[in-house]
Amino acid sequence: MNFITNCCNEDNLMKTDEFILAESADKSAGWRQQGAAKSLAEVNGSIAVPRHGSRWRKLMAFTGPGYLVAVGYMDPGNWATSIAGGSKFGYTLLVVALVSNIMAILLQSLCTRLAVATGRDLAQACRDAYSPAMAWFLWIGAEIAICATDLAEVIGTAIALNLLFGMPLELGVLLTALDVFVVLYMQSKGFRWIEAYVLVLLGVIAVCFLVQIVLADPEWGAVLRGFAPTTEIVTNPEMLYLSLGIIGATVMPHNLYLHSGIVQTRKYGGNLEEKREAITYSTWDSTIALMLALAVNASILILAAATFHKVGRTDVVEIEQAEALIAPLLGSTLAPILFGVALLCAGLNSTVTATLAGQIVMEGFINFRIRPWVRRMITRGLAIIPAIIVTMLYGNKGTANLLILSQVVLSLQLPFAIVPLIMFTSDRKKMGALRSPLWLTASAWLVALIVILLNLKLIYDVATVAA
């Protein structure tokens, strides 16, 4: 509660109204183009926010975007890294999931602040602030991150179809291309339909894992100790690799672009007081949603540790392998069914957010608009091709390694989204009275430093092994 209150209140609240108004006007001088195109124009400002009424009513009006963001924190890529981490190292990497979630809460609050204060999403802000060459460079990096995310969704959904219905992986990968029609249908019904669809699937995932955790009956003392930090995470290259995968799967770069766009679906008003209120309620929305994401991610790791690591199965890295072992180890035929249902819901959910993020990134960075279904088919095609090749050549083992690799790619891409976000939100000329307070900016820079140092350590370890 203190975090959100401090995050949304500035150290300059005592300034006179005249100074605040002048400061808000000055922020336009920080941008080269006055008045950016609306992010996700077809749904921008489409959801009304009550001007009066209880705090609960206002919170409900802002509830939704945070859960779309939370989807990215429990997609199939998280499953691969959490299962591998839990089976190999037990509960040790729970602290990485916790720290990653704290990082995510901080960074998503900055996305909200940028969007509400400037009316720009992160991609639009980058295009305005940097040269065309730099904007194209960042766009390509963002597209790579989205393709890596989509790759995890393709593989995860195909594996779920295989587990539940015995469908061959190759066929499952091809069928994932059809999810574009689900997304388009939801978009045609209105943004609240998309949010409702996501919330229902998130609820199914949460219930599935709750039941599995009860069946696994983990050692709760060891679980609590798993949230304590250890230096072995940095000194052990294999543990560091998985930790980076967890960070990449949690603090996903495309989510920063996504959140800064979908927050603007709310019609929150344009004066300073209304914008402050929008930042407060939107931050509550994303924080609550990300705590749910932490619970799911921790549950996956706890399930793997309590089921596999406990009996010495430290080699479980494949989702199919995990599903096959759950039933005999837990003594229940219900567990693998719940596992497959949750995985399918995670893959379907992630489809929605990847589609929206792709649209925001392409329109924001290069101001290029194409039909959503064309955009979706291109992105999905780029993910399907490597998935089919790896599946045909290496089978289940190859898809497992590809899933973890995709999450490490996300981690390596993170600094290129985090650094601009921090720079924009701490700039008084760009943000005016709504710029980030010093403590929030300092915390965000610490997050960026940790991510960059861990990435450099990973590159060094990989180069050392290759040499």
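Scroll up to find the structure this text is about.
Each chain carries its own residue numbering, running from 1 in the direction its sequence is written. For a predicted model such as this one, the threshold for reporting local features is a pLDDT of at least 70, and the threshold for listing and counting side-chain atom pairs is 80 or more; totals across whole chains, interfaces and linings nevertheless cover every residue. Heavy atoms from the whole structure form the basis of all side-chain values; hydrogens and water molecules are not counted.

Turning our eyes to something else, we now look at the packing of aromatic side chains. Aromatic ring pairs: the centre-centre distance and the angle between the two ring planes describe each pair. In this analysis, rings of Phe, Tyr and Trp, with Trp reduced to its six-membered ring, are considered paired at centre separations within 6.5 Å, and the interplanar angle assigns stacked below 30 degrees, edge-to-face beyond 60, and tilted for intermediate values. Scanning the entire structure with this criterion turns up 6 aromatic pairs. Ring centres of W136 and W139 lie 5.1 Å apart, and the angle between their planes is 85°; this geometry places the pair in the edge-to-face category. Of this pair, W136 and W139 both sit in helix α8 (residues 132-165), 3 residues apart, which is roughly one turn of the helix. Ring centres of Y257 and F365 lie 5.5 Å apart, and the angle between their planes is 65°; on these two criteria the pair is classed as edge-to-face. One end of the pair, Y257, is in helix α15 (residues 253-262); the other, F365, is in helix α18 (residues 334-366), and 108 residues separate them in sequence. To sort residues, take the accessible area from a 1.4 Å probe on protein chains only and compare it with the maximum for the residue type: under 20% means buried, over 50% means exposed, and anything in between is partly exposed. For Y257, a relative accessible area of 2% translates into the label buried. A helix here means a DSSP run of H or I that spans at least four residues, while a strand means a run of E at least two residues long, and both kinds are numbered starting from the N terminus.

This part takes up the nonpolar core. Throughout, nonpolar core names a set of buried Ala, Val, Leu, Ile, Met, Phe, Trp, Tyr and Cys residues whose side chains join them through atoms within 4.5 Å. In this structure, W79, L93, Y257 and F365 are the most contacted members of the largest nonpolar core, which totals 139 residues. If we ignore the near neighbours within four places in the chain, the residues touching Y257 are D121, L122, A123, A142, I360, V361, F365, F416 and A417. Contacts were defined at the residue level, with two residues in contact if any of their heavy atoms lie within 4.5 Å.

What follows is about helix α7 (residues 122-129). Burial runs high along α7: 6 of the 8 residues are buried. Listed as buried for α7 are L122, A123, Q124, A125, C126 and D128. Looking at the buried positions of α7, the neighbouring elements they touch are α6 (94-118), α8, α15, α18 and α20 (415-425). The term polar contact refers here to a pair of N or O atoms within 3.5 Å; inside protein, the definition further demands a hydrogen-donor-capable atom paired with an acceptor-capable atom, and it admits residues adjacent in sequence only when both atoms are side-chain atoms. You can read the cap of α7 off the contacts: a side-chain oxygen lies 3.0 Å from the backbone nitrogen of A123, and it is on D121.

Turning our eyes to something else, we now look at the environment of S426. Checked against the element boundaries, S426 lands in the loop between α20 and α21 (428-431). Note on S426: relative accessible area 24%, which makes it partly exposed. As for S426 and L114, which are separated by 312 residues in sequence, their C-alpha atoms are 9.6 Å apart. With near-sequence residues (within four places) excluded, S426 lies in contact with R435 and T441. From its side chain, S426 meets the backbone oxygen of M423 in a polar contact 3.2 Å long.

So, on to the pattern of salt bridges. Any Lys or Arg side-chain nitrogen found within 4 Å of a carboxyl oxygen on Asp or Glu counts as a salt bridge. Going through the model one piece at a time under the given rule, you end up with 7 salt bridges. Between K88 and E238 there is a salt bridge; the shortest N-O distance is 3.5 Å. Of this pair, K88 sits in helix α5 (residues 76-89) while E238 sits in helix α14 (residues 237-250), and the two are 150 residues apart along the sequence. Taking the relative accessible area as the measure of exposure, K88 reaches 29% and is therefore partly exposed. A salt bridge links E195 to R192, with the shortest nitrogen-to-oxygen separation between them at 2.9 Å. Taken as a pair, E195 and R192 lie in helix α11 (residues 191-216) at a separation of 3 residues, close to a single helical turn. Residue classification places E195 among the buried positions, given a relative accessible area of 2%. You can call R192 partly exposed: its relative accessible area is 36%. The structure contains a network of salt bridges with shared partners spanning R192, E195 and R266.

Let us look at the environment of L93. With respect to the secondary-structure elements, L93 resides in the loop between α5 and α6. Remark: the alpha-carbon pair of L93 and L242, spanning 149 residues in sequence, is separated by 8.7 Å. Every residue in contact with L93, bar those within four places of it in the chain, is listed here: G85, I233, M239, L242, S243, I246 and L301.

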